[in-house]
Amino acid sequence: MSTTTVTSDVIRYERTLGMTVMVGKGFYAPNDLSFGPNGRIYVLNRSIEAFGKGNGMRVAICDSDDEYYGQFGKFGEGKGEFVWPSAIACSDTGEIYIADEHLQKIMVFDLDGKFVSEWGSHGSNDGELDTPSGIVVAHNGYLYVSDTYNHRIQVLTSNGKFVQSFGSQGNGEGELNMPWRLSIGPDSNVYVADWGNDRVSIFTSDGDYVKSIGEPGSGPGQLCKPADTVSDLDGNIYVCDWGNERIQAFDNTGKFLQLSMGESGVSPWAINFLEANDEESNTRDTANLENLDIPFYDPDDRHEVSSHIEKYFWAPMALHINEDNKLFVLESNRHRIQIFDIVNLN
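In what follows, the accompanying structure is described.

Thresholds, definitions, all that
For every chain, the first residue of the written sequence is number 1, and numbering continues from 1 along that sequence. pLDDT decides what is reported in this predicted model: residues at 70 or higher carry local features, side-chain atom pairs at 80 or more are listed and counted, and totals for whole chains, interfaces and linings draw on all residues regardless. Think of the side-chain values as coming from all heavy atoms in the structure, minus any hydrogens and water. Segments assigned H or I by DSSP are reported as helices when at least four residues long, segments assigned E as strands when at least two residues long, and all are numbered from the N terminus. Atoms counted for the radius of gyration: C-alpha only. Globule rule: 2.2 Å times the number of residues to the power 0.38. The buried label goes to any residue with under 20% of its type's maximum accessible area, the exposed label to any with over 50%, and the partly exposed label to all in between, with areas taken from a 1.4 Å probe on protein chains only. Residues are treated as being in contact if the distance between any of their heavy atoms lies within 4.5 Å. For every accessible area listed, the method is Shrake-Rupley and the probe measures 1.4 Å; residues are considered covered only by the protein chains on display. Within this scheme the basic residues Lys and Arg register as positive and the acidic residues Asp and Glu register as negative, but His and the chain ends are omitted. Where a charge lies is defined by one atom per residue type: Lys uses NZ, Arg uses CZ, Asp uses CG and Glu uses CD. Cysteine sulfurs are considered disulfide-paired once they come within 2.5 Å of each other. Buried residues of nine kinds, namely Ala, Val, Leu, Ile, Met, Phe, Trp, Tyr and Cys, make up a nonpolar core once their side-chain atoms join them within 4.5 Å. Two kinds of site are reported from a 1 Å grid over the protein atoms alone, namely cavities, where a 1.4 Å probe fits but cannot get out, and pockets, open sets with protein on both sides within 12 Å along at least five of seven lines, and residues are called lining when an atom falls within 4 Å of a point. Grid points are joined across faces, edges and corners, and a volume is the space filled by probe spheres set on the points. Put simply, Ala, Val, Leu, Ile, Met, Phe, Trp, Tyr, Cys and Pro go in the nonpolar bin, Asp, Glu, Lys and Arg in the charged bin, and everything else, Gly too, in the polar bin. Directions drawn from the helix axis to the C-beta atoms are what define this arc.

Looking at the overall build of the protein chain
When helices and strands are counted, the protein chain shows three helices and 27 strands. A compact globule built from 346 residues would reach a C-alpha radius of gyration of about 20 Å, and the protein chain, at 19 Å, matches this within 12%. When the backbone C-alpha atoms are referred to their principal axes, the protein chain occupies close to 55 × 45 × 40 Å. Counting every position in the protein chain, which comprises 346 residues, the buried fraction comes to 54%. Summarising the internal contacts of the protein chain: among those between residues at least 6 apart in sequence, 49% fall at separations of at least 24. About 14,600 Å² of surface is accessible on the protein chain, with carbon and sulfur atoms providing 45% of the total. If the 25 positive side-chain charges of the protein chain are averaged to one point and the 52 negative ones to another, these points end up 3 Å apart.

Quick word on the state of the cysteines
A covalent bond bridging the sulfur atoms of two cysteines is what the word disulfide describes. For the structure on display, the rule yields zero disulfides. Looking at C90, it has no disulfide partner, and the nearest cysteine sulfur is the one in C62, 12 Å off.

A closer look at unusual backbone geometry
For S47, which is not a glycine, the phi torsion comes out positive at approximately 55 degrees. Here S47 is to be found in the loop between β4 (41-45) and β5 (58-62). Judged by its relative accessible area of 10%, S47 is buried. The backbone phi angle of E245 is positive, close to 55 degrees, even though this residue is not glycine.

Brief notes about the nonpolar core
Grouped burial of nonpolar side chains is what soluble globular proteins tend to show. Membership of the largest hydrophobic core comes to 36 residues, with the highest contact counts inside it found for L33, Y238, I247, L327 and I337. When residues no more than four places from it in sequence are discounted, the contact partners of I247 are I11, V239, C240, D241, Q258, L259, S260, F313, L319, L327, V329 and F340. Membership of the second largest hydrophobic core comes to 15 residues, among which are I213, L223, L259 and Y312.

Section: the layout of surface pockets
In this structure, the largest pocket encloses a volume near 1,200 Å³. Lining the largest pocket are 43 residues, and of these F35, H139, I184, H320 and I321 lie nearest its centre. Grouping the amino acids of the lining of the largest pocket by side-chain chemistry returns 19 nonpolar, 16 polar and eight charged. Volume-wise, the second largest pocket comes out at about 470 Å³. Considering the residues around the second largest pocket, the lining is formed by 19 residues, among which M19, T20, A270, R284 and E310 are closest to the centre. When residues of the lining of the second largest pocket are traced back to their parent elements, those giving at least two are α1 (268-275) and α2 (278-285). Among the elements that take part in the lining of the second largest pocket, α1 stands out by supplying three residues, more than any other.

A look at α1
Every buried residue of α1 is listed here: W269, A270 and L274. Projection of α1 onto a plane perpendicular to its axis shows the buried side chains occupying an angular sector of 130 degrees, all on one side. Buried residues belonging to α1 abut β2 (11-17), β5, β6 (68-72) and α2.

This is how it looks when you write it as structure tokens:
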């Protein structure tokens, strides 16, 4: 079973960051990430919310050289606390914004994790939120928020004042159906993972519709419930094809370039852990974690296949391109980040 389909070689796997832990050096059910102006990576861990507890719900701070700097945040309904944290974004000036889709609010922290403020309320009027699931900060300081169940993108000031909104429920041009994450490209356009429409919808920063790419399905260039999307300096577009357990690359016209089902090796954090824990290391050595001959109940079910093969993506949920032109792919169910080189930049 091939892990990659290529018409143009755009990305190549480099290495993996992270390992599975509920507290401390690692991630647990991470669902978004953002890079701060200090070069550190802020990884939002949704963890598990059950029976009034949310063990492991936090923001872990690390960098792409495998350094770990600690964590902040905790479960709860008080100021600066999370119940269903859904998205994270850092500004150029060092503010960290975290959306909570249960509490219907946006929280603000500094780069050290100190709580600053919060705002937001549930509703469908201007400035109100219904399940915010994506957030990005423009260079002018405005926030672009995926207001998912209102089927729109809202533009807000840094303290939550309404600026404008665009998009409405539907599948026509400029319409959205439960938008998930979003990003602002080098061209200043807004790229939206249009989850319910199985496509990426692109708008100008003023909210004017540009175009959409992708169509429903599981073949190359087709999408199923995309979770996130980003673009590079060449205009190529990368998509977390969440429902198909893979990532895909398109050129700026929407032409399919490449897909990857994941190539992960063992991260340095995990290697250190295994070296210190002989029993778990020995158990791992006797397992076949790349067995491609499993008699799957349904070999066409990408979720079943990905859950059995360790190197594959399992719930890829967020993307980021850093200043070194590397693509970071965060996958929730394996609690890690796969890092790829973008190889075709001019």
